[in-house]
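# Descriptive analysis of the structure
Below are the chains, spelled out letter by letter.
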Amino acid sequence: MQAEIRHLLTPDIDPDTFVPDDPERFMFLVQMIAGPAGEPGDESFQFEVCTPGWLHDQVQREGPMTGRHRVIVDHFDWGALHAYFHRLVTRCPGNDWHEVAEKLSRYGYWEFEDYTQTHHQL
């Protein structure tokens, strides 16, 4: 099974007009809505897109931090980001959607990450 992107959204910027105040220091959220190719349904994966300069500033203020769920860029290029996300979904095939989604969650925060379903008997 293969994933396909339904939408790439960002609540923080307008990708058509965005010009960072500091081209070496910025961060914004990207939400990738993806689902099984050719099948109904989709789920959300969130990424922080940021520059090394922004990361440096964060580490200076807060100390060590993880890189999980971040996409690091050296400049803003929405077309390159779009291509990156499309390559990402092609690199994460699986036997079923859950396996695909778990692979994608290694890169972006999956809306069902750490979700456990418990069944209660009455």
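Heads up: these notes are all about the structure in this document. Only a predicted model underlies this, so the values are computations on that prediction, with no experimental measurement involved.

Counting 28 residues, the largest nonpolar core has Phe28, Met32, Phe45, Phe85 and Leu104 as the members making the most contacts within it. Elements represented by at least two residues in this core include exactly strand E1 (3-9), strand E2 (27-36), strand E3 (43-50), helix H2 (78-90) and helix H3 (97-104). Among the elements that take part in this core, H2 stands out by supplying 6 residues, more than any other.

This paragraph deals with the pairing of E2. Most of E2 is tucked away: 7 of the 10 residues are buried. Pairing analysis gives 6 bridges linking E1 to E2, with the strands arranged antiparallel. Across the sheet, residue His7 finds its bridge partner in E2, namely Ile33. For E2 and E3, the ladder comprises 8 bridges, and the chain directions are antiparallel. Counterpart to Phe28 in the pairing with E3 is Val49.

In this structure the tally under the stated criterion is 9 aromatic pairs. Seen in terms of ring centroids, Phe45 and Trp110 are 6.3 Å apart; in terms of plane orientation they differ by 10°. Their pairing is stacked. With Phe45 in strand E3 and Trp110 in strand E5 (residues 109-110), this pair connects stretches of sequence that are 65 residues apart. Trp110 shares its class with Phe45; the two are buried. Following the ring pairs from residue to residue traces out a cluster consisting of Phe18, Phe26, Phe28 and Phe76.

Below, the discussion takes up unusual backbone geometry. Here His69, not a glycine, exhibits a phi torsion of approximately 70°, which is positive. Turning to its location among the elements, His69 is positioned in the loop between helix H1 (52-62) and strand E4 (70-72). Taking the relative accessible area as the measure of exposure, His69 reaches 15% and is therefore buried.

Definitions and limits used
- Residues numbered from 1 in each chain as written.
- Predicted model: local features only at pLDDT ≥ 70, side-chain atom pairs only at ≥ 80, totals over all residues.
- Heavy atoms only, no water.
- Core = buried A, V, L, I, M, F, W, Y, C linked by side-chain atoms within 4.5 Å.
- Buried < 20%, exposed > 50% of the residue type's maximum accessible area, 1.4 Å probe, protein only.
- Helix = DSSP H or I, 4+ residues; strand = E, 2+ residues; numbered from the N terminus.
- Pairing = 2+ DSSP bridges.
- Phe/Tyr/Trp six-rings, centres within 6.5 Å; stacked < 30°, edge-to-face > 60°.

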